[in-house]
Amino acid sequence: MEWIDEFIKLLFYGRKQEAYKLKYDNFPKKLYKYEIIDDKRLEALENNEIWFSNPDKLNDPFDSYGVCFDKNAADKKDIEGYIEGLRDNIKVCCFSEELNSMPMWAHYADNHTGICIEYDFSKLDYDDKFSKYIFPIRYRREKYDITEFLRKVFEENAEERMYLLFFLMQIKHLSWNYEKEWRIILKANENKNGGIVCPIKPEGIYLGLNCTEKNKQRIKDIVFTNIKCPIYEVEKTDSKLFEFKTKAMT
């Protein structure tokens, strides 16, 4: 994803519309959200909501701490306090480019007992709220040095300073690159964890290998009544390759 470097430059030097358009032109056709099955997630699915979390609830201890800066070039206490304030006032919703990722099914869909929801965000205009604020994660061995950006960022108004937040939230260690993650980042309201109505409906629902018959029926009732998208059951193949296949559920 070489275009990301250009996207970052455009974003941080005030050419935001160009940045959004560049990102839109490189947008994956499909994104997937792995989910556990519980009453809250089922209610969100029924209401066509996607689940957001505060960064503190995510499983990477360095999540949203992917930057560093020259401590001699800025007031360390003020900068670190500002970063903490940003983290406390946003919520994120995570997606993957991969459907049949074994680690993703294990880690985020409760060892294949959950589901994976397919979305096509390319149906939205490039300046739609959800399209604008969905960002690809950039994977690096080292944190990104933002010293050169700090003076400009802190001289701008509050709205401009929010772009520092977006940058912070899209850098993770290289060991996470198997996730091929994109995430929507929004300002938090009082409820930092919960569902927000999605402007598009799912393109498909995939049921994990170990999804119970009870939960299969619960998903089927919700999807066929409210969403009206295909449902697929994930199965192991008997080939020599470690791979899955999907079968449409009727």
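One can find the structure itself at the top, above this paragraph.
Attention here is on the structure that accompanies the text. No experiment lies behind these values; they were computed from the predicted model shown. (Residues numbered from 1 in each chain as written. Predicted model: local features only at pLDDT ≥ 70, side-chain atom pairs only at ≥ 80, totals over all residues. Heavy atoms only, no water.)

### Concerning the side chain of K23
Part 1 of the reasoning: You can see K23 is positioned in helix α2 (residues 16-25).
Part 2 of the reasoning: In contact with K23, other than residues within four places in its own chain, are W3, F7, S131, K132, Y133, I134, F135, P136 and W182. (Helix = DSSP H or I, 4+ residues; strand = E, 2+ residues; numbered from the N terminus. Contact = heavy atoms within 4.5 Å.)

### A word on the packing of aromatic side chains
Part 1 of the reasoning: Applying the stated criterion across every chain, the model contains 11 aromatic pairs.
Part 2 of the reasoning: Consider the rings of Y34 and W105, whose centres lie 5.3 Å apart with planes at 90°: the pair is edge-to-face. Taken together, the residues Y34 in strand β1 (residues 31-35) and W105 in helix α5 (residues 102-108) connect sequence positions 71 residues apart.
Part 3 of the reasoning: Among the aromatic residues, those joined into a cluster by ring pairs are W3, F7, F27, F135 and W182.
Part 4 of the reasoning: Of note, K23 hangs over the ring of F135, and the distance from its end group to the ring centre comes to 4.3 Å.
Part 5 of the reasoning: Sitting over the face of the ring of W51, R41 holds its NZ or CZ atom 4.3 Å from the ring centroid. (Phe/Tyr/Trp six-rings, centres within 6.5 Å; stacked < 30°, edge-to-face > 60°. Lys NZ or Arg CZ within 6 Å of the ring centre and 35° of its normal.)

### Notes on the pattern of salt bridges
Part 1 of the reasoning: Applying the stated criterion across every chain yields a total of 18 salt bridges.
Part 2 of the reasoning: Taking the shortest distance from any N to any O, the salt bridge between R15 and E18 comes out at 2.9 Å.
Part 3 of the reasoning: We note a salt bridge from K29 to D120, for which the minimum N-O separation is 3.2 Å. Taken together, the residues K29 in the loop between α2 and β1 and D120 in the loop between β5 (115-119) and α6 (129-132) connect sequence positions 91 residues apart.
Part 4 of the reasoning: Within the structure, one salt-bridge network assembled from shared partners comprises D63, K172, E179, E181 and R183. (Salt bridge = Lys/Arg side-chain N within 4 Å of Asp/Glu carboxyl O.)

### Re the packing of helix α3 (residues 39-46) against helix α9 (residues 213-227)
Part 1 of the reasoning: Where α3 meets α9, the closest approach of the two axes is 9 Å, and the angle between their N-to-C directions is 20°. When the axis of α3 is compared with that of α9, the two are roughly parallel. Viewed along their axes, α3 and α9 form a crossing whose handedness is right-handed. Side by side, α3 and α9 meet where D39, L42, L45 and E46 of the first sit next to R218, I219, I222, V223, N226 and I227 of the second.
Part 2 of the reasoning: Here the contact of α3 with α9 is composed, by residue class, of 6 nonpolar, 1 polar and 3 charged. (Axes fitted to C-alpha atoms, helices over the stretch in contact; angles between N-to-C directions. Parallel < 35°, antiparallel > 145°, perpendicular 65-115°, else oblique. Left-handed = near helix turned anticlockwise from the far one by under 90°. Nonpolar A, V, L, I, M, F, W, Y, C, P; charged D, E, K, R; others polar.)

### Digging into the nonpolar core
Part 1 of the reasoning: Ranked by size, the top nonpolar core spans 55 residues in total, and within it L45, I50, F95, F121, I184, I205 and I219 carry the most contacts.
Part 2 of the reasoning: With 7 residues, helix α1 (residues 3-12) is the single largest residue contributor to this core.
Part 3 of the reasoning: Residues within four places of I205 in sequence aside, it is in contact with L45, I115, C116, I117, I219, V223, C229, P230, I231 and Y232.
Part 4 of the reasoning: Among the nonpolar cores identified, the runner-up in size contains 10 residues, and Y32, L99, C116 and Y206 belong to it. (Core = buried A, V, L, I, M, F, W, Y, C linked by side-chain atoms within 4.5 Å. Buried < 20%, exposed > 50% of the residue type's maximum accessible area, 1.4 Å probe, protein only.)

Any functional reading would require information beyond the geometric quantities listed.
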